[in-house]
Amino acid sequence: MSVPRLKEEGPPSSLRAGKSASFGERCFFPPLLQRLRRPQAEHVACCDSRDVERRGSGDRGPLEHWLFLAPGVFRSNPWTHIIAPPHGRGASELSGTRPSCSSWRVRWFTERMWEEDYVPHQVLGQVPQWEREYVASHLLQAVPRRRRPMELVAAPPRMGKGRGAISSIPVGNGEVTPYGAHESEPLEDCTILVLRLRGMYGEGCTNATALDAQYAARGLRRAYVLIGEEERGCTRCQSFVESAPLVIRNYWHEDCDVYEERGKVLTVPLGIRRPSNAARDQRDLPPSRRPYIWAFSSKEQNPDRKEMVTRFMEHTFVGQNSSNVKVWYPGELKPQLYGEWLCNAKFALVPRGHVEDTWRLAESIDCGAIPIVTDGGAYFTHFMPHSLTERFVTSGNASNMTSRHWDALFAEIDALLSNPTALDEHQYALTRAFEAHTLAWQSKVVDRLHSVGK
């Protein structure tokens, strides 16, 4: 019997054709559990959802007791006709003990900007996910609030305006009343929540803490991916970091180290905004065969970037001519042209933005360009291995460097350009170390989530 793969984007083929779902389209058998990467199984109904709702969870037939599924498989997909057991107390009564989270639901409580691919496919690239839901249009306003019914009548929830707008969440005694477009949706076990607090002032922290309190009150397992926290450490929202079981975040900050040691925070590097197969195909092209010496483009301006670009434009590198340096600053290229420049360059400028880590670092290495960073490499050593950071070409803080420092940097680059074998070996070691580090931190994400999901 062939069992079709379930996809998020639509119903089984027979349903699309207007037919009733076959038994094979509605039910999975135990041998498929390993293929679904869900080793923990428990009894659930495998029949038409309306039938179960009509008969009630305590009136299952014999067929439903010998079919098995992992908890929560495609739980909200209306096309699967799979009825997951209730979480919390109901799940414990069915299985005796609560099974580990074998897959996670991902809910976005922020706009999906540059991180739209990064979160599900890079940060959570090795994590079994069964649904990725975007809580559209109201960001953190979808957070359930604790309000008495009379309070809701007297003071309806305030909906904010603009990209960063949120609504405050009073926390106190009273019924839990969700609000917004998803007010009828319950909080669920085994959920990863994507949040962005930067730019939301104190309200973002208050709302995130209140959100976690709602999950904790129900005994629901959860973890958070906190994005966009440039220049912000863990003490900026200490109440949230203390209460959350796990916060996966970008941008290393020294005051997060104590939470890293306790296993509550995991700092991961920024990744690639727009991954492409072309970039990965180009990764192993030796720099000795690449046409451009260095490349850079950015619309974001700061003193370090301006000084770095100016100094590089003033220097003539070994083998340089009028066409083998590519720079557009300040300015923004179309992604395809930017990728073509970067993936055909021997070196890529990676000056700091608000902090040292930028998307440009991973994008450069992803297509095999050797990054030139601006902090002497010190920032990256806090969360990257020496085998990787030693392959960066490093300068100091560009706006504070003397002519002697710039001369030393250019001499290092010219020495590599003068020795194609050494240049190629340098790039090869860089890309291999980058691949190993990526696998290592993605595996650490899986391990931490496994601990939280027990």
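Since the model is a prediction, treat every value here as computed from it, not as a measurement. (Residues numbered from 1 in each chain as written. Predicted model: local features only at pLDDT ≥ 70, side-chain atom pairs only at ≥ 80, totals over all residues. Heavy atoms only, no water.)

## Some words on the overall build of the chain
Now for step 1: Looking only at helices and strands, the chain features 18 helices and 15 strands.
Now for step 2: Here the contacts in the chain between residues at least 6 apart in sequence split such that 70% fall between residues at least 24 apart. (Helix = DSSP H or I, 4+ residues; strand = E, 2+ residues; numbered from the N terminus. Contact = heavy atoms within 4.5 Å.)

## A few points about the state of the cysteines
Now for step 1: Following the criterion strictly, the structure yields three disulfides and no others.
Now for step 2: Each sulfur of the disulfide joining cysteine 101 and cysteine 190 lies 2.0 Å from the other. Its torsion about the S-S bond being -80°, the disulfide of cysteine 101 and cysteine 190 is classed as left-handed. Pair noted here: cysteine 101 is in the loop between helix H6 (89–95) and strand E3 (104–108) and cysteine 190 is in the loop between strand E6 (176–177) and strand E7 (191–195), with a separation of 89 residues, a long-range link. (Disulfide = S-S within 2.5 Å.)

## Considerations on the pattern of salt bridges
Pairs may arise between side chains of opposite charge once their charged atoms sit close together.
Now for step 1: Counted according to the given criterion, the structure contains 16 salt bridges.
Now for step 2: Across the pair glutamate 242 and arginine 262 runs a salt bridge whose closest N-O atoms are separated by 3.2 Å. Placement of the pair is glutamate 242 in helix H10 (residues 238–243) and arginine 262 in the loop between helix H11 (257–261) and strand E10 (265–267), with a sequence separation of 20 residues.
Now for step 3: Look at glutamate 242 and you get partly exposed, because its relative accessible area is 34%.
Now for step 4: If you follow the salt bridges from partner to partner, you end up with Arg283, Asp284, Asp366, Arg432 and Glu435 in one network. (Salt bridge = Lys/Arg side-chain N within 4 Å of Asp/Glu carboxyl O. Buried < 20%, exposed > 50% of the residue type's maximum accessible area, 1.4 Å probe, protein only.)

## Let's talk about the pairing of strand E8 (residues 222–226)
Now for step 1: Counted residue by residue, E8 has five buried out of five residues, so it is predominantly covered.
Now for step 2: Across the two faces of E8 the burial is the same, with Arg222, Tyr224 and Leu226 and Ala223 and Val225 all buried.
Now for step 3: Of the strand pairs in this sheet, E7 and E8 are connected by five bridges, and their pairing is parallel. Along E8, the bridge assignment pairs threonine 191 with arginine 222. (Pairing = 2+ DSSP bridges.)

## Quick notes on the confidence of the model for the chain
Now for step 1: When pLDDT is averaged across the chain, the result is 73; 66% of the residues are at 70 or more.
Now for step 2: Low pLDDT, under 50, characterises residues 1–96; the stretch is placed with 139 contacts to residues that sit more than four places away or in other chains.
Now for step 3: Confidence drops under a pLDDT of 50 for residues 136–184, and excluding neighbours within four residues, the segment shows 100 contacts in the predicted structure. (pLDDT = per-residue confidence, 0-100.)

## Here we look at helix H17 (residues 403–417)
Now for step 1: The terminal C-alpha atoms of H17, which comprises 15 residues, lie 21 Å apart, in line with the 21 Å expected from a rise of 1.5 Å per residue.
Now for step 2: The inward-facing, buried residues of H17 abut strand E11 (292–297), helix H13 (303–314), strand E13 (345–350), strand E14 (370–373), strand E15 (393–394) and helix H18 (420–452). (Expected span 1.5 Å × (residues − 1).)

## Some thoughts on the packing of aromatic side chains
Now for step 1: Tallying each qualifying case throughout the model produces 15 aromatic pairs.
Now for step 2: Centre to centre, the rings of tryptophan 114 and tryptophan 359 are 6.3 Å apart; their planes meet at 90°, and the pair counts as edge-to-face. With tryptophan 114 in the loop between E3 and helix H7 (115–123) and tryptophan 359 in helix H15 (residues 359–366), the pair connects residues that are 245 residues apart, well separated along the chain.
Now for step 3: With a relative accessible area of 42%, tryptophan 114 lands in the partly exposed category.
Now for step 4: Here the aromatic rings of tyrosine 379 and phenylalanine 380 are separated by 5.4 Å at their centres, their planes lie at 85°, and the arrangement is edge-to-face. Accessibility classification places tyrosine 379 together with phenylalanine 380 in one group, the buried group.
Now for step 5: A connected cluster of aromatic rings, assembled from ring pairs, spans Trp252, Tyr379, Phe380, Phe383 and Phe392.
Now for step 6: Over the ring of tryptophan 114 we find arginine 273; its NZ or CZ atom is 4.8 Å from the centre of that ring.
Now for step 7: Here the basic side chain of arginine 432 rests over the ring of tyrosine 428, its NZ or CZ set 4.7 Å away from the ring centre. (Phe/Tyr/Trp six-rings, centres within 6.5 Å; stacked < 30°, edge-to-face > 60°. Lys NZ or Arg CZ within 6 Å of the ring centre and 35° of its normal.)

## Topic: the nonpolar core
When a protein is soluble and globular, its nonpolar side chains tend to lie buried together.
Now for step 1: With 66 residues, the main nonpolar core has Phe312 and Phe347 as its most contacted residues.
Now for step 2: Looking at this core element by element, the count peaks at eight residues for H18.
Now for step 3: Ignoring any residue separated from it by four or fewer positions in sequence, one finds phenylalanine 312 in contact with Trp294, Phe317, Leu349, Ile372, Trp406, Leu409, Phe410 and Ile413. (Core = buried A, V, L, I, M, F, W, Y, C linked by side-chain atoms within 4.5 Å.)

## As for the sheet that holds E14
Now for step 1: Taken in spatial order, the five strands make up an open sheet running E12-E11-E13-E14-E15, and their pairing is parallel. Edge positions in the sheet fall to strand E12 (325–328) and E15, since each has one partner strand and no second.
Now for step 2: Of the pairings in the sheet, the one linking E11 to E12 comprises four bridges and is parallel in character. Residue tryptophan 294 lies in a different strand from E12, and its bridge partner there is valine 325.

## Details of the environment of glutamine 238
Now for step 1: Considering the arrangement of structural elements, one finds glutamine 238 in helix H10.
Now for step 2: Taking the C-alpha atoms as reference points, glutamine 238 and cysteine 205, 33 residues apart in sequence, are found 8.6 Å from one another.

## Re the pairing of E11
Now for step 1: Of all six residues in E11, six are buried; the element is thus mostly enclosed.
Now for step 2: Direction of pairing for E11 relative to E13: parallel, over a ladder of three bridges. Of the residues in E13, the one forming a bridge with alanine 295 is alanine 348.
Now for step 3: Running through H13, the crossover from E11 to the neighbouring parallel element E12 is right-handed. (Right-handed = clockwise from strand over helix to strand, strands pointing away.)

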